[in-house]
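This is what each chain is made of:
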Amino acid sequence: MASQPAPRPVESAQLGEDDLALWQALTVQLEQGLDRLPDKPEETAEATIRVLWQLAAGEPMSVQRAASWPLPASSVEARERLGRLVRERLAGVPLAHLTQRQTFMDVEMLAGPEALIPRRETELLGGAAVALLRRLAEANADVIVVDACTGSGNLAAVLALSESRAKVYASDLSSEAVTLARRNMAHLGVEKRVTLRVGDLLEPFDTDELRGRVDLLTCNPPYISTGRMAAMPDEIVGHEPALAFDGGPLGIRILQRLISEAPRLLRPGGWLAFEVGLGQGPSVERRLLGSGDYGDVEPVADAAGQTRALLARRRQDP
Ligand SMILES: C[S@@+](CC[C@H](N)C(=O)[O-])C[C@H]1O[C@@H](n2cnc3c(N)ncnc32)[C@H](O)[C@@H]1O
């Protein structure tokens, strides 16, 4: 049987022999040793070495940006740094914690252990929320958006970037997450249009200014049951905050509260848009309809047909 050709970067013509040999050795090491998470399909061995190569050369960037960034020749110091970074990655440190970058809906954001690393699956909710916001802003230029459980601020930032007329409020129970979200808003230049607060679920927004006046309320809540948390991969439980995942004994503690507390903030006809865990869609949809507070309820399904987000419109005539 013919042996596999050694992996080479596309820029192999520009790299010296030593760099090429290093690239090949590290790619093989990563291919054999990397425990890849199914919810981060973009983090292949090649994408990992490419992004760590840039980081070792002093250019922190996301996997997506590194894909089109030319590889520089390495210095002795960069090679040492690269070796350390590969060892940390193989030991389970999330790639986004090493690079401090993660792309969400084509926006490169800052990432860190303070908050959940934004996931691809949340782009379903993000896309649906952006489409809703654009529609709402056509009808009312002074649209008000609230993002609860904001974490690193990914949904709030993308919503603010997609509609410059929107006034966005976001919060999290974790003050560390809010600190990262604040850095992200400044990083993306939307800090003047996104107000950040620390507090429990919708409590930070229960003010005269916002009660009954919110057009769009987004949330990616924790929805894993406490019992299932222990079975999660070490790369997640050992490095990302438990508060971001733990949805109580049945996984729906925050979801239930969100459904019952959101109508207090939403204006009549305003929308609640939130993510649900795999398999939770049908029962949460029934709960929304059964509450009597919402008229239209629209599930958002992934490529496999599973509901991963729900959009629910507060009744006009409560
Ligand atoms: C699944 S993470 C989502 C983070 C981010 N929105 C995203 O999409 O990546 C859930 C977030 O909810 C926050 N959280 C958990 N319980 C909360 C509560 N009672 N009130 C407010 N935020 C809470 C966590 O700190 C975490 O940042």
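Residues numbered from 1 in each chain as written. Predicted model: local features only at pLDDT ≥ 70, side-chain atom pairs only at ≥ 80, totals over all residues.

**Brief notes about the site of the ligand**
So, point 1. Taken together, 21 residues form the shell around the ligand, and within it Cys149, Gly151, Leu173, Asn220 and Ala244 come nearest.
So, point 2. When the residues that make up the shell around the ligand are grouped by side-chain class, the tally is 13 nonpolar, 6 polar and 2 charged. (Near = placed C-beta within 6 Å. Nonpolar A, V, L, I, M, F, W, Y, C, P; charged D, E, K, R; others polar.)

**Here we look at the environment of Val86**
So, point 1. Position of Val86 relative to the elements: it lies in helix H4 (residues 76–90).
So, point 2. For Val86, a count of 23 C-beta atoms within 10 Å puts it in the buried group.
So, point 3. Taking the C-alpha atoms as reference, Val86 lies 9.8 Å from Leu98; in sequence the two are 12 residues apart.
So, point 4. Ignoring anything within four residues of it in the chain, the contact list for Val86 reads Leu26, Gln29, Leu30 and Leu52. (Helix = DSSP H or I, 4+ residues; strand = E, 2+ residues; numbered from the N terminus. Buried ≥ 20, exposed ≤ 12 C-beta atoms within 10 Å, placed from the backbone. Contact = placed C-beta atoms within 7 Å.)

**Re the pairing of strand E8 (residues 294–301)**
Sheet faces and side chains relate simply in a regular strand, where the side chains alternate between the two faces.
So, point 1. The pairing of E8 with strand E9 (residues 307–314) spans 6 bridges and is classified as antiparallel. Looking at the pairing, Tyr294 lines up with Arg314 of E9.
So, point 2. The antiparallel hairpin formed by E8 and E9 contains 5 residues in its connecting segment, where Gly305 sits at a positive phi of about 85 degrees. (Pairing = 2+ DSSP bridges.)

**Side note on the domain arrangement of the protein chain**
When the parts of a complex come together, some accessible area is lost, and that lost area is often taken as the interface size.
So, point 1. When cut into domains, the protein chain gives domain 1 (17–99) and domain 2 (122–314).
So, point 2. Between domain 1 and domain 2, the C-alpha centre-to-centre distance is 33 Å.
So, point 3. If you look at the interface, domain 1 gives 6 residues, while domain 2 gives 5 residues.
So, point 4. By residue class, the composition of the side of domain 1 that touches domain 2 is 3 nonpolar, 2 polar and 1 charged. (Domains from an automatic or database assignment.)

**Some points on the environment of Pro94**
So, point 1. Along the chain, Pro94 falls in the loop between H4 and helix H5 (95–99).
So, point 2. The exposure class of Pro94 is buried, given the 22 C-beta atoms found within 10 Å.
So, point 3. Taking the C-alpha atoms as reference points, Pro94 and Glu240, 146 residues apart in sequence, are found 8.9 Å from one another.
So, point 4. Once residues lying within four places of it in the same chain are set aside, the contact partners of Pro94 are Ile117, Glu235 and His239.

**Structural notes on helix H11 (residues 253–265)**
So, point 1. Over its 13 residues, H11 runs 19 Å from end to end, which matches the ideal 18 Å to within 8%, given 1.5 Å per residue.
So, point 2. Where H11 bends most, at Ile259, the angle is about 35 degrees, and the proline Pro263 comes one to four residues later.
So, point 3. When H11 is considered as a whole, its buried residues turn out to be Ile254, Leu255, Leu258, Ile259, Ala262, Pro263 and Leu265. (Expected span 1.5 Å × (residues − 1). Bend = angle between axes of the 7 residues up to and from the residue.)

**Describing unusual backbone geometry**
So, point 1. The phi angle at Met105 is positive, at roughly 50 degrees, despite the residue not being glycine.
So, point 2. One non-glycine residue with positive phi stands out, namely Cys149, at about 60 degrees.
So, point 3. Summarising the element assignment, Cys149 is placed in the loop between strand E3 (144–148) and helix H7 (154–162).

**Things to note about the sheet that holds E9**
So, point 1. Pairing is mixed in the open sheet, where 7 strands are placed in the order E5-E4-E3-E6-E7-E9-E8. What marks the edges here is a single partner per strand, and that holds for strand E5 (194–198) and E8. Looking at each pair of strands side by side, their axes are set apart by 15 degrees on average, direction ignored.
So, point 2. Taken strand by strand, helix H6 (residues 122–139) contacts E3, strand E6 (214–219), strand E7 (266–275), E8 and E9, and its axis lies near 160 degrees from that of E7.
So, point 3. Set on the sheet, H11 makes contact with E3, E6, E7 and E9; between it and E7 the angle comes to about 145 degrees. (Axes fitted to C-alpha atoms, helices over the stretch in contact; angles between N-to-C directions.)

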